Each structure stands twice: as structure tokens, then as C-alpha cells.
Amino acid sequence: DHAVPPGAVHRIEFQPLTLAKKAAFYEEQVEKYIKRTPFGYVAEAPLKAPADLASAHPQDSDNDGLWTAMYGAAECFAYAATQEPAALERARKAFEALRFLQVVTQGGNPSPDKGYVARTIRPVEWPDPNVGRIEGDRREQQRDALWKAYEPRWPRSADGKWFWKGDTSSDELDGHYFFYSLYYDHCAKTDAEKARVREVVQGLTDHLVSHGFALVDVDGKVTRWAVYGPQEMNRNPFWWVERGLNSLSILSYLAVTAHITGDNKYHDIARELVEKHGYAQNLMFPKAQIGRASCRERV
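Our subject in this report is the structure included herewith. No experiment lies behind these values; they were computed from the predicted model shown. (Residues numbered from 1 in each chain as written. Predicted model: local features only at pLDDT ≥ 70, side-chain atom pairs only at ≥ 80, totals over all residues. Heavy atoms only, no water.)

On to the packing of aromatic side chains. According to the stated counting rule, one finds 16 aromatic pairs in the structure shown. The interplanar angle of 25 degrees and the centroid separation of 5.5 Å between the aromatic rings of phenylalanine 179 and tyrosine 183 together place this pair among those described as stacked. With phenylalanine 179 and tyrosine 183 both in helix H5 (residues 170–186) and four residues apart, this pair spans about one turn of that helix. Assigned by exposure class, phenylalanine 179 and tyrosine 183 land together as buried. Each ring, one from tyrosine 228 and one from tyrosine 253, has its centre 5.4 Å from the other, and the planes form 80 degrees; the classification is edge-to-face. Here tyrosine 228, found in the loop between strand E4 (222–227) and helix H7 (230–235), pairs with tyrosine 253, found in helix H8 (residues 243–261); they are 25 residues apart in sequence, far enough to count as distant. Per residue, the accessibility class of tyrosine 228 equals that of tyrosine 253, and both read buried. (Phe/Tyr/Trp six-rings, centres within 6.5 Å; stacked < 30°, edge-to-face > 60°. Helix = DSSP H or I, 4+ residues; strand = E, 2+ residues; numbered from the N terminus. Buried < 20%, exposed > 50% of the residue type's maximum accessible area, 1.4 Å probe, protein only.)

Following the sequence through the fold, alanine 87 ends up in helix H3 (residues 85–103). Note on alanine 87: relative accessible area 1%, which makes it buried. The spacing of alanine 87 and isoleucine 269 is 182 residues in sequence and 35 Å in space, taken between C-alpha atoms. Dropping the residues within four chain positions of it, alanine 87 is found in contact with Glu75, Ala78 and Tyr79. (Contact = heavy atoms within 4.5 Å.)

A rise of 1.5 Å per residue sets the reference length of H3, with its 19 residues, at 27 Å; its end C-alpha atoms lie 27 Å apart and thus fit the reference within 8%. Every buried residue belonging to H3 is among Ala87, Leu88, Arg90, Ala91, Ala94, Phe95, Ala97, Leu98, Arg99, Phe100, Leu101 and Gln102, and all of these are buried. Residues of H3 that are buried sit in contact with helix H1 (19–34), helix H2 (64–82), strand E1 (121–123), strand E2 (162–164), H5 and helix H6 (191–210). (Expected span 1.5 Å × (residues − 1).)

Peptide bonds are, in most cases, trans, and in most cases residues other than glycine have a negative phi. At the junction of asparagine 109 and proline 110, the peptide bond is cis and its omega measures out at 10 degrees in the coordinates. Position of proline 110 relative to the elements: it lies in the loop between H3 and E1. Proline 152 follows glutamate 151 through a cis peptide bond whose omega is -10 degrees. Tracing the backbone through its elements, the reader meets proline 152 in the loop between helix H4 (133–143) and E2.

Attention shifts here to the nonpolar core. One recurring pattern in soluble globular proteins: nonpolar side chains tend to sit buried together. Core analysis: the largest hydrophobic core is formed by 58 residues, its most contacted members being Leu173, Phe179, Tyr180, Tyr183, Val197 and Ile250. For this core, the elements supplying multiple residues, two or more each, are H2, H3, E2, H5, H6, E4, H8 and helix H9 (265–277). It is H3 that provides the largest number of residues to this core, a total of nine residues. Once you skip the residues sitting within four places of it in the chain, tyrosine 183 turns out to touch Cys76, Ala91, Arg92, Phe95, Ala188, Glu193 and Val197. (Core = buried A, V, L, I, M, F, W, Y, C linked by side-chain atoms within 4.5 Å.)

When its volume is computed, the second largest pocket comes out at roughly 240 Å³. Contributing to the lining of the second largest pocket are 15 residues, with Val222, Thr223, Arg224, Val227 and Trp239 lying nearest its centre. No other element matches E4, which puts four residues into the lining of the second largest pocket. Considered class by class, the residues forming the lining of the second largest pocket number six nonpolar, five polar and four charged. (1 Å grid on protein atoms, 1.4 Å probe; cavity = no way out; pocket = protein on both sides within 12 Å on 5 of 7 lines; lining within 4 Å. Points joined across faces, edges and corners; volume = space filled by probe spheres on them. Nonpolar A, V, L, I, M, F, W, Y, C, P; charged D, E, K, R; others polar.)

A few words on a nonpolar patch on the surface. Taken together, the side chains of Trp67, Met70, Phe77 and Phe178 define a hydrophobic patch exposed on the protein surface, amounting to about 360 Å² of accessible area. With three residues, H2 is the largest single contributor of residues to the nonpolar patch. By the element assignment, phenylalanine 178 lies in helix H5. On the accessibility criterion, phenylalanine 178 (36% relative accessible area) is partly exposed. (Patch = residues over 30% accessible without salt bridge, like charges linked within 9 Å, V, L, I, M, F, W, Y side chains within 5 Å. Areas by Shrake-Rupley, 256 points an atom, 1.4 Å probe, with all protein chains shown as cover. Salt bridge = Lys/Arg side-chain N within 4 Å of Asp/Glu carboxyl O.)

Glancing now at H5. Relative to the 24 Å expected for 17 residues at 1.5 Å per residue, H5 spans 25 Å between its end C-alpha atoms, a close match to the ideal helical length. The set of residues buried in H5 consists of Ser170, Glu172, Leu173, Gly175, His176, Tyr177, Phe179, Tyr180, Ser181, Leu182, Tyr183 and Tyr184. On its buried face, H5 is in contact with H2, H3, H6, strand E3 (214–216), E4 and H8.

Everything listed here is a matter of coordinates, which is why it stays silent on function.
In C-alpha cells form, the structure reads like this:
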């Protein structure tokens, strides 16, 4: 927990650990150094001093929703395997954190349509993240014509306590849906808890479906990456690299929503994407292999 003084003797050794002890170690580290805000978002925590964990300084991340969802999913698995109350409570807190990313976007000025989910939040006591932002976005547009430049990128919540970040991406939504399905099946015990999950999932999916299978921001335009509709996936050459994964994503979202809500209309929507728009064929090529660790050069 403390910085190693210069000139000190170091020793690196292997210590046998059970999986339970290893998990307990990392749980302690996450609780002590990583979690941010009263909701407990899990993301990066840079060190202010080299090798000094006590200097960890958690920051908001574009992927707070994704990383918190992955953490919450692990807690769902942990509870399913061990039935430990502590794992259940951590999963519940992760759900409330992710749910708040949808709640916080509503009622302010500006406010996106119902169901829209934010990337992350930060307290208004921190410096205003909008200051100087638009200039940087416009410079980025010179490199990437589809980059979004709009204000405010960080609207204020209706209660005035938070800045929340828009332009939410597809990987964020992947994390949300993955977590919600696990939480609903393994951790939501009561009818009230299940209804709470149902409301969040249905709100997000209905937003996507009603906006042509896309997430639409406060500027009335789709976000940079949360695009899943046939017109773009199948007819816009720019999206060919994303075609397989985004087709898989939207079909997964619809399957999760049908499972949680019990409403077959989401199966019907998925069937239409498969039968009329070839989304099953799209899945035959789930990822384009174009080098650079198979990662798309987004230009």
C-alpha cells in the first residue's frame, strides 16, 4: 500500500492462492482504490505517485458503463456460484449504478428521448468538462468526418448535481445488456426487483427500436458508434467492418429484452432483421481481420 523507497531491496515471488482468496484480494483493491462516486463506478484510477496505491485517483471514463457492467457481471456469477450475500450486494449496487446512467439523462435541459443511457457521470463540483471541448471536437472532425461536435457534450442532470456524458457507444450497450440478463436471472429476487430491471431494459430497447435501431443523442442525431439499423449495416460502405458485430449486438439486445419482459414482439422484431435484412448471414463474418490486433482503424 506504500511507495517503495529508492534503493530498497525487492523480492518477486509466487504465492499459491485459491481462486476464492485471489478474488477476495481483488475485491478489496476495487473497494479501496477503484470505485468512484456513491454509485461505485469501476474504471481507471491513475496513481498520483508511482507505485503508491494510496495515491489512486479514480476518474470518469468513457467506458464507465461497460467496465461497471463487467464488474457487476462477475458479481452475478460469484453469487450464482457461492450464494454469498456480499456478492449479491455488490451486484445490486452495480445495477443501481448502471440504472442511474439512464435516469440521469432525463428531465434536464437538454434531455434526450426516454431510454437514452449516458456514458458516465461526474459531480458538478469538478471542473466543467464542456469548457474547451467543442474546439477539440472540431479539430477531431478534420481527421474523422463522422466525429460528433455539439454542445453540451456533458449536459447537467435535472437536479443540478451531475454532469453526464453523451455520445454513448456500442460497446457500452453490450456491457449493459450482458449484465442485465445475468442480474435478472441470478440476483433479482423479488417481483419489485425484477420489475425494476424490466423497466430499464425495455426503456433502452424501445429507444433503439423507435429510432431506427440507433441511440439518438440530445442533438437529435445518432451517437458516433451505437448504430445497428439495416440501412447503415447493409447499405452504407462505411459500416461494413461493424456489420457482423453490430448485427450480433442488436439481435442479442432483442433476445435479452424478450427474455426479461416476456414480450414476444422483440422476438418478432429480431426475426424481421434476420428474414428481411439478412442479419443471420451478417453473423457469418462476425469480425473483420484487418491487422492492428484486428482492431478497426477508425478514420
